[in-house]
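Given next are the chains, with one letter for each unit.
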Amino acid sequence: MIKIISVVGARPNFMKIAPFIRAIESHNKKKDEVDDTRIEHLLVHTGQHYDLQMSYLFFKQLDIPRADINLGVGSGTHAQQVGKTMIAFEKVLKRHRPDWIVIVGDVNATLACSITAKKEHIKCCHIEAGIRSGDITMPEEVNRIVADRLSDLLLTPHRVANENLKKEGVPDNKICFVGNTMIDTLDFNLQKAQKLDMHQIIIKNQLKSGFSFFERKSFIFDLEFKKKDFVLITLHRPSNVDSYDILNRLVSFIVDEAARDSQIIWPLHPRTKMRLKSFNLWKKVCSCRNLFLTCPLGYLEMLRLNMNAKVMLTDSGSLQAECAVLGVPCLILRWNTEWPMTLKECGGANALVGNDINLIRPAYQEALKKPRTPQNMELWDGNAAVRCLEAIVNYK
Ligand code: UD1
């Protein structure tokens, strides 16, 4: 019996862990009760994301079983989130003594639980190891570097990640290229998402704006009957939304330029909504007729919209990779990326545009003209999570 505790904390973790849990279930079905490699699995949710829309909905849509343990960490500064997680997770480890902890991605839970596990002399496996943005001011980059430094088994989504780890001195025998578990989830859910009605998605999730339903009818009609292309936007990074000047510039581009010719759907992260209000930009976004604001969308709803979007503007890491697979040209509203393999210069359709409107404007016009060209990545084949589990089971 191999005892594994997997950890999730925030929204981008959920799609990465879902196929791993499925892989464990099907592995156990093939093994009899006394087999050495049967897995005893516990799921820990640190509780960093706790809203229905940011957490529960993802568990439900992705068929993730309810977490066995919720650490209830909640919002706070980074030190508070990491500190509280470590204190609570240490108790879990002392009580359950797993053989392995499995962490995914790069959120605060990833960092906190890798440190706690190693202090308790428990083996640590990192899924999505080795990706680097090169920007140490990003909290996620700090989380990745520490988690990778401490992990015993580093499961990478791309050969570029293997190279990054080798440059940092990680020995070959700790690294295993498995593919991208996030894309396992995308493949697994494409048909389900396809069945969703886009009109229903935006009606059910709309945020209050300055327009009545009647005034919004043309937007919905155009979307429903594909009369016009639409553009998807997501923004949540502190580097974009915590400064008035930057957020104001981005909002002006969206409202005064992009929304002039295209319909825009913008699901709002709680931090962004808070900032738009405190910076007095709320009225501006709410009074733009071609801009439709929604609450954070579920996984399936976002995938459904992404399947039809003309262009994506985003500062999210996961969406960049999903756009590459779906072929949606994606403007990355950042100065660096941990997914360089999706950029134009590496054969993809994505472009780094930061938050400089002089770069965003021409790249946006170019993206609008681009046909969809899905990128084929090695081992992004829907079976990455099975390979993750094999790597753990066969670890020597
Ligand atoms: C976290 C991750 C980031 C990931 C993002 C996706 C880290 C360092 N960052 O950032 O990598 O891209 O999740 O969303 O782990 N809030 C709610 N409800 C919630 C959770 C948060 O309202 O369920 C609000 C809180 O007021 C909080 C703000 O959103 O202040 C930001 O949440 P936080 O957990 O601090 O980080 P994210 O920006 O979401």
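Each remark here, short or long, concerns the structure printed above.
Cut-offs used in this document
Residues numbered from 1 in each chain as written. Predicted model: local features only at pLDDT ≥ 70, side-chain atom pairs only at ≥ 80, totals over all residues. Heavy atoms only, no water. Near = heavy atom within 4 Å. Polar contact = N/O pair within 3.5 Å; in protein donor to acceptor, adjacent residues only side chain to side chain. Areas by Shrake-Rupley, 256 points an atom, 1.4 Å probe, with all protein chains shown as cover. Helix = DSSP H or I, 4+ residues; strand = E, 2+ residues; numbered from the N terminus. Nonpolar A, V, L, I, M, F, W, Y, C, P; charged D, E, K, R; others polar. Salt bridge = Lys/Arg side-chain N within 4 Å of Asp/Glu carboxyl O. Buried < 20%, exposed > 50% of the residue type's maximum accessible area, 1.4 Å probe, protein only. Pairing = 2+ DSSP bridges. Axes fitted to C-alpha atoms, helices over the stretch in contact; angles between N-to-C directions. Left-handed = near helix turned anticlockwise from the far one by under 90°. Contact = heavy atoms within 4.5 Å. 1 Å grid on protein atoms, 1.4 Å probe; cavity = no way out; pocket = protein on both sides within 12 Å on 5 of 7 lines; lining within 4 Å. Points joined across faces, edges and corners; volume = space filled by probe spheres on them. Phe/Tyr/Trp six-rings, centres within 6.5 Å; stacked < 30°, edge-to-face > 60°. Expected span 1.5 Å × (residues − 1). Core = buried A, V, L, I, M, F, W, Y, C linked by side-chain atoms within 4.5 Å.

**Q** It is not clear to me how the site of the ligand should be interpreted in this structure. Could you clarify?
**A** Neighbouring the ligand are 20 residues; His49, Tyr50, Glu140, His236 and His269 lie closest to it. A distance of 2.9 Å is found between an oxygen atom of the ligand and a side-chain nitrogen or oxygen belonging to His269. Between the ligand and Arg271, the relevant distance is 3.1 Å, taken from an oxygen atom to a side-chain nitrogen or oxygen of the residue. When the ligand sits alone it has 750 Å² of accessible area, and the protein chains cover 86% of it. Elements with a contribution of two residues or more to the shell around the ligand: α1 (11–30), α3 (78–96), α5 (139–150) and α12 (270–278). With three residues, α5 is the single largest residue contributor to the shell around the ligand. By residue class, the composition of the shell around the ligand is seven nonpolar, nine polar and four charged.

**Q** How should the pattern of salt bridges be read in this particular structure?
**A** Close approach of charged atoms allows side chains of opposite charge to pair. All chains considered together, the criterion is met by 22 salt bridges. Asp242 is the salt-bridge partner of Arg275, the closest N and O atoms lying 2.7 Å from each other. With Arg275 in helix α12 and Asp242 in the loop between α10 (238–241) and α11 (244–261), this residue pair connects regions lying 33 residues apart in the sequence. Assessed through its relative accessible area of 32%, Asp242 is described here as partly exposed. Of the charged contacts, one joins Glu366 and Lys370 as a salt bridge, the two residues approaching to 3.8 Å between their closest N and O atoms. With a relative accessible area of 38%, Glu366 lands in the partly exposed category. Bridged by salt links that share partners, the residues Asp106, Glu141, Arg144, Arg334 and Glu338 form one connected network.

**Q** Quick question: what am I supposed to make of the sheet that holds strand β8 (residues 230–234) here?
**A** Strands belonging to one sheet form pairs held by backbone hydrogen bonds; the direction of such a pair is parallel or antiparallel. If you walk across this open sheet you meet the six strands as β10-β9-β8-β11-β12-β13, and the pairing is parallel. Only two strands of the sheet have a single neighbouring strand rather than two, namely β10 (291–294) and β13 (351–352). Here β8 pairs with strand β9 (residues 263–267) via three bridges, running parallel. Directly across from Val231, in β9, lies its bridge partner Ile264.

**Q** What's the story with the packing of α11 against helix α16 (residues 357–369) in this structure? I'm lost.
**A** Angle between the axes and distance between the axes: these two values describe a pair of packed helices. Closest axis-to-axis distance for the α11/α16 pair is 11 Å, and the angle between their directions is 35 degrees. Crossing handedness for the pair α11 and α16: right-handed. Contact with α11, carried on its side by Arg249, Leu250, Phe253, Glu257 and Ala258, involves Ile357, Ile360, Arg361 and Tyr364 of α16 and no other residues of that element. Grouping the amino acids of the contact of α11 with α16 by side-chain chemistry returns six nonpolar, no polar and three charged.

**Q** Quick question: what am I supposed to make of the environment of Arg304 here?
**A** Tracing the chain through its elements places Arg304 in helix α14 (residues 299–308). Expressed as a C-alpha distance, the spacing of Arg304 and Ser114, which sit 190 residues apart in the sequence, is 34 Å. Sequence-distant contacts of Arg304, defined by excluding residues within four places in its chain, comprise Ala193, Gln194, Leu196, Met198 and Ile201. Within the structure, Arg304 has its side chain in polar contact with the backbone oxygen of Leu196 (distance 2.9 Å).

**Q** Where do I start with the layout of surface pockets in this structure?
**A** Over the atoms rolls a probe the size of a water molecule, and in doing so it shows where empty space is left. Taken as a whole, the largest pocket encloses approximately 1200 Å³ of empty space. Forming the walls of the largest pocket are 50 residues, and the residues nearest its centre are Arg11, His49, Met54, His236 and His269. Counting only elements with at least two residues in the lining of the largest pocket, the list comes to α1, α2 (52–61), α3, α5, α12, α14 and α15 (317–326). Split by residue class, the lining of the largest pocket holds 22 nonpolar, 17 polar and 11 charged.

**Q** Could you clarify how one ought to interpret the packing of aromatic side chains in this entry?
**A** Aromatic ring pairs are reported here in terms of the distance separating the ring centres and the angle at which the planes meet. Scanning the model with the defined rule gives six aromatic pairs in all. Relative to Phe58, the ring of Phe14 has its centre 6.2 Å away and its plane inclined at 50 degrees; by these criteria the two rings are tilted. In this pair, Phe14 is assigned in helix α1 and Phe58 in helix α2, connecting sequence segments 44 residues apart. The class for Phe58 is buried, based on a relative accessible area of 3%. Taking the centre distance of 5.6 Å and the plane angle of 90 degrees together, the rings of Phe253 and Tyr364 count as edge-to-face. Of the two residues, Phe253 is situated in helix α11 and Tyr364 in helix α16; the sequence distance between them amounts to 111 residues. This pair shows no difference in class: Phe253 is buried, exactly as Tyr364 is.

**Q** Even after reading the chapter, I still don't get helix α4 (residues 108–119), so can you show me in this structure?
**A** For an α-helix, the turn length of 3.6 residues means that residues three or four places apart are oriented alike. Look at α4: 17 Å from first C-alpha to last across 12 residues, which is about the 16 Å you get at 1.5 Å a residue. Counting buried positions over the 12 residues of α4 gives nine, a clear majority of the element. Listing the buried residues of α4 in full gives Asn108, Ala109, Thr110, Leu111, Ala112, Cys113, Ser114, Thr116 and Ala117. At its buried positions, α4 is contacted by β1 (2–8), α3, β4 (100–104), β5 (123–127) and α5. Positive phi shows up at His121, right after α4, with a value of about 60 degrees.

**Q** In this structure, what is going on with the nonpolar core? I would like to understand it.
**A** Membership of the largest hydrophobic core comes to 68 residues, with the highest contact counts inside it found for Ile4, Phe20 and Ile64. Per-element accounting of this core gives the leading share, eight residues, to α1. If we skip the residues at most four places from it in the chain, Phe20 touches Ile4, Ser6, Val102, Ile127, Ala385, Cys388, Leu389 and Ile392. Ranked by size, the runner-up nonpolar core spans 38 residues in total, among them Leu207, Val285, Val311 and Leu313.

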